[in-house]
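Architecture at a glance
Each chain is listed here by its residues.
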Amino acid sequence: MFDFEKLEVYQIAKGVVTDSLKIIYSNANLDPYIKEQWKKASMDILLNLAEGTGRMTNADKKHYITISRSAVFECVTILQILGETGSLPLAEAQGLYERYEKISKMLLGMYRSHE
């Protein structure tokens, strides 16, 4: 098992990303640009978290955690727009929002632990 797989934040993020991708792939009515942006941002959460975990210096780790957290913010913005335009049921958007918020807080804690 790789170090990043042992992280609770990684496991939670993987679940949210998987659920987001299921919505993206199953909803043909979503705008293709929004689908692509959401898919990219979702994957960036996981990929940067994994890459940062493999870095050796605290500065490098913090850099990748920051990018991962920024990707969470992108996903939340997309969710808000989808919810407000009726492209995604508000209850579904709210459920994902709460999970993204938890990930953001955990990433901030990780960032602070490398100071």
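Residues numbered from 1 in each chain as written. Predicted model: local features only at pLDDT ≥ 70, side-chain atom pairs only at ≥ 80, totals over all residues. Heavy atoms only, no water.

The protein chain carries the name Four helix bundle protein in an unreviewed UniProt entry, which gives Chryseolinea lacunae as its organism.

Quick look at the pattern of salt bridges
As a reminder, the rule being used: Criterion for a salt bridge: a side-chain nitrogen of Lys or Arg within 4 Å of a carboxyl oxygen of Asp or Glu. The secondary structure listing takes helices from DSSP runs of H or I that are at least 4 residues long and strands from runs of E that are at least 2 residues long, numbered from the N terminus. The rule is simple: take the accessible area with a 1.4 Å probe, protein chains only, and divide by the maximum for that residue type; under 20% is buried, over 50% is exposed, in between is partly exposed.
In total, this model carries 5 salt bridges according to the counting rule given. Asp19 is the salt-bridge partner of Arg99, the closest N and O atoms lying 2.8 Å from each other. Of this pair, Arg99 sits in helix H4 (residues 90–113) while Asp19 sits in helix H1 (residues 8–26), and the two are 80 residues apart along the sequence. Taking the relative accessible area as the measure of exposure, Arg99 reaches 30% and is therefore partly exposed.

Some words on the packing of helix H3 (residues 58–84) against H4
The cut-off we apply is this: Note on definitions: angles span 0 to 180 degrees between N-to-C directions of axes, and those axes are lines fitted to C-alpha atoms, for helices only across the stretch in contact. Any angle between 65 and 115 degrees counts as roughly perpendicular, while under 35 counts as roughly parallel, over 145 as roughly antiparallel, and the rest as oblique. Here a crossing is taken to be left-handed if its near helix is turned anticlockwise relative to the far helix by less than a right angle, and right-handed if that turn runs clockwise. Gly counts as polar in this scheme, as do all residues outside two lists: the nonpolar Ala, Val, Leu, Ile, Met, Phe, Trp, Tyr, Cys and Pro, and the charged Asp, Glu, Lys and Arg.
Their axes nearest at 9 Å, the elements H3 and H4 cross at an angle of 165°. Here H4 runs roughly antiparallel to H3, going by the angle between their axes. Remark: the crossing between H3 and H4 carries left-handed chirality. Residues of the contact of H3 with H4, tallied by class, amount to 16 nonpolar, 5 polar and 3 charged.

As for the packing of aromatic side chains
The test is simple: The criterion for an aromatic pair is that two Phe, Tyr or Trp rings (for Trp, the six-membered ring) have centres within 6.5 Å, with stacked assigned to planes under 30 degrees apart, edge-to-face to planes over 60 apart and tilted to the rest.
Within this structure, the stated rule accounts for 2 aromatic pairs. With a centroid separation of 5.0 Å and 75° between ring planes, the pair formed by Phe4 and Tyr10 is classed as edge-to-face. By the burial criterion, Phe4 is buried, and Tyr10 matches it. Taken together, the ring pairs in this structure connect Phe2, Phe4 and Tyr10 into an aromatic cluster.

Describing the side chain of Thr53
Condition: Residues are treated as being in contact if the distance between any of their heavy atoms lies within 4.5 Å.
For Thr53, the location among the structural elements is in helix H2 (residues 32–53). When its relative accessible area of 19% is taken as the criterion, Thr53 is described as buried. Apart from residues lying up to four places away in sequence, Thr53 is in contact with Asp3, Phe4, Leu7 and Lys61.

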